[in-house]
Structure formats: C-alpha cells, structure tokens
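Each chain, written out:
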Amino acid sequence: MRVLVTGGSGYLGTHVRSFFDAEDFSRRNQLSVLSSLDAARVGAYEVVIHLAAQLSKDPADADDVFRTNVEGTVNLLREMEPNSVFIFASTKDVYGPHADEFEEVPETCSTAYQNHSALEWSKLIAEQYVQYYAAQRNFRSCIFRLSTVSARPSEGNTNGFVTHYVESVKRGWPIRLPLEGKPVRDILHVDDFSRACQAFIDSSVTHGLYNLGGGKENALSLREIIDRVAEMIQCNPVIDEKNPLPPPVPLNYVSDLTRVQQDLGWRPQIGIEEGLRSLI
C-alpha cells in the first residue's frame, strides 16, 4: 500500500509519515499543493493523508489561508483515483464557541459562523469539497476534526502547545496561560492519530466524519498539564502571571468519541501520563 502524507515534514506529519513508512509531499521536498503539476502526483498513491495547511489566524493572512487550505485541497482531490483513500485533517475549531455548549463535543455540534477566523472557515469549506469530490470520483474519504494532538519535537518545526509546555518546564522558560490555566483540552498522541487513520483505511466505511481527541479520560486543564510534567521531572514551572494569554475559543473542549469508536473500533491507546512522558 503506497501512502502519501502532505505536510509530511511538519510537526505531526514527520511522525505520521514514519508510522506508515510513507512518502512526503511538502515544501521541504519542493512540492506545493497550489501547483496542479505537483498535485498530479497523488494519483499514484492508494492512500493520501492530507496534513499540509496554512495555520495562521492573522487576518492579514486570510487570502493565503483560503488559497492553501481550500484551493490546495481541491487540487489534490481532483487527482484522486477511484477506490483510493483520502484522509483530511480538519480541526475542532470549526465549532467555534458552539463547542462550549457540550461537556463532550459531538459531530452534531453547530458550525454556524460566529467570528471564526479564516483558518477555521477554510477548513470547514475544504470539508465540503472532500465530500463532494469523494462522491464524484468514487474514492473513500475521512474527515478528522482533531482536538489537541501532541508529538515529540522535530527539527525545524514549531511545537504544539503541549510540547511547548513540556519544553518550557524542562528549560525553565516562562509560560503564559489564559485564565490561570483553567481551560480544558483532551490530548491525543500523534501515534493514536496514525492508528485512527489506519483504522479507517482498514474499515468498510465509505465516507466518515469524526471528532478525534483523547476523550474525557485524557482531558486536563492547561495548568494540570504543566503540573503533571513538573512532577514527572521534579522541578517547578515558571508561570508568567503578569502577561496572561487571551481566553481560548472554545473555553473547554473534550471530544465525544462515540461515533469513531462505533464505526472504526478505535480508541486512544496512549493515555495522558504515557503521552506526556514520551515528550520529556
């Protein structure tokens, strides 16, 4: 089975590519999703895991975000062969503040526009294209709305916030937090994300849309994450209380994993303790 990972040299992609022994489609390989010529390469693969994205939430970058995340995705979808598999990494943030209405957020949560940035809106638009082209070109598609995914640091990549916390605790760097660290997130290890991709590939599901995270068993407040890491390495974290970050949207987020468990038989295998230790 030939697997291609777009963004395969990125923070998550490096690990996903290693898990599948996949090939890399990324700017570090001089390949761009905005090039129709480059995108034509995906037709040679049975599975495409699409992680490449422009992740800026700066309004000044909106045009670039929409081009990369929507037009770039469409370029790939147009080249998919019948009976192949396309897995799209979307984000929990498509729900915006609506997610705060749930203790565990289901896929039925509203995605109606409520001050979303171009990043979240571009991902939601791209989801519609995934479903359209999968039906038109007769390939299987899966959309994962990812919660917080953690991964070991890799060269040349900006860490996700959990990895950033771990590195900051280890090195004594000041850590800025919103609302004294009270917001909650469910943490998913990157290897469990890869296993979810494999579960879809191995399934008989034609088109799937799933919230994917660590679930309630792997949910902690931001301050609890930092305190757990500090306890593991026996040091005191440095919290910058004078420069708090703005409150996140949504304030709290825990994935409802009911649908992905029922359809794919998947559940996280790496718990929060093991996951944090793997980052130290």
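Before reading further, recall that the structure is shown in the block above.
Residues numbered from 1 in each chain as written. Predicted model: local features only at pLDDT ≥ 70, side-chain atom pairs only at ≥ 80, totals over all residues. Heavy atoms only, no water.

**Section: unusual backbone geometry**
For step 1, the next point in the chain: Following V249, the chain continues into P250 via a peptide bond in cis, with omega recorded as -5°.
For step 2, the next point in the chain: Non-glycine residue N115 carries a positive phi angle of around 65°.
For step 3, the next point in the chain: By the secondary structure assignment, N115 is in the loop between β4 (85–91) and α4 (118–137).
For step 4, the next point in the chain: The class of N115 is exposed, set by a relative accessible area of 70%.
For step 5, the next point in the chain: Phi at Q234 takes a positive value of approximately 55°, unusual for a residue other than glycine.
For step 6, the next point in the chain: With respect to the helices and strands, Q234 occurs in the loop between α7 (222–233) and β11 (238–239). (Helix = DSSP H or I, 4+ residues; strand = E, 2+ residues; numbered from the N terminus. Buried < 20%, exposed > 50% of the residue type's maximum accessible area, 1.4 Å probe, protein only.)

**Considering the environment of A118**
For step 1, the next point in the chain: Here A118 shows up in helix α4.
For step 2, the next point in the chain: A118 gets classed as buried once you look at its relative accessible area, which sits at 16%.
For step 3, the next point in the chain: Residues A118 and A60 lie 58 residues apart in sequence; the distance between their C-alpha atoms is 9.9 Å.
For step 4, the next point in the chain: Residue contacts for A118: discarding those within four places in its chain leaves A62, V65 and F66. (Contact = heavy atoms within 4.5 Å.)

**Here's the deal with the nonpolar core**
For step 1, the next point in the chain: One finds I49, I87, F144, F193, L212, L264 and W266 to be the most contacted residues of the largest nonpolar core, which totals 33 residues.
For step 2, the next point in the chain: No other element matches helix α6 (residues 190–202), which puts seven residues into this core.
For step 3, the next point in the chain: Look past the residues within four positions of L212 in its chain and what remains in contact with it is F144, R145, L146, S147, L188, F193, A196, S255, L257, V260 and W266.
For step 4, the next point in the chain: In terms of nonpolar packing, the next biggest core, distinct from the first, is built from 22 residues, V33, L76, Y133 and I143 among them. (Core = buried A, V, L, I, M, F, W, Y, C linked by side-chain atoms within 4.5 Å.)

**Overview of the sheet that holds strand β10 (residues 219–221)**
For step 1, the next point in the chain: If you trace the three strands from one edge of the open sheet to the other, you get β6-β8-β10, paired in mixed fashion. One side of each edge strand has no neighbouring strand; the edge strands of this open sheet are β6 (148–150) and β10. Between one strand axis and the next, the sheet turns through 45° on average, direction left out of account.
For step 2, the next point in the chain: With three bridges joining them, strand β8 (residues 184–189) and β10 adopt antiparallel strand pairing. Following the sheet pairing, V184 is matched in β10 by S221.
For step 3, the next point in the chain: Against the sheet, α6 contacts β6 and β8, and its axis sits at roughly 65° relative to β8. (Pairing = 2+ DSSP bridges. Axes fitted to C-alpha atoms, helices over the stretch in contact; angles between N-to-C directions.)

Interpretation note: all reported values are geometric properties and have no functional meaning in isolation.
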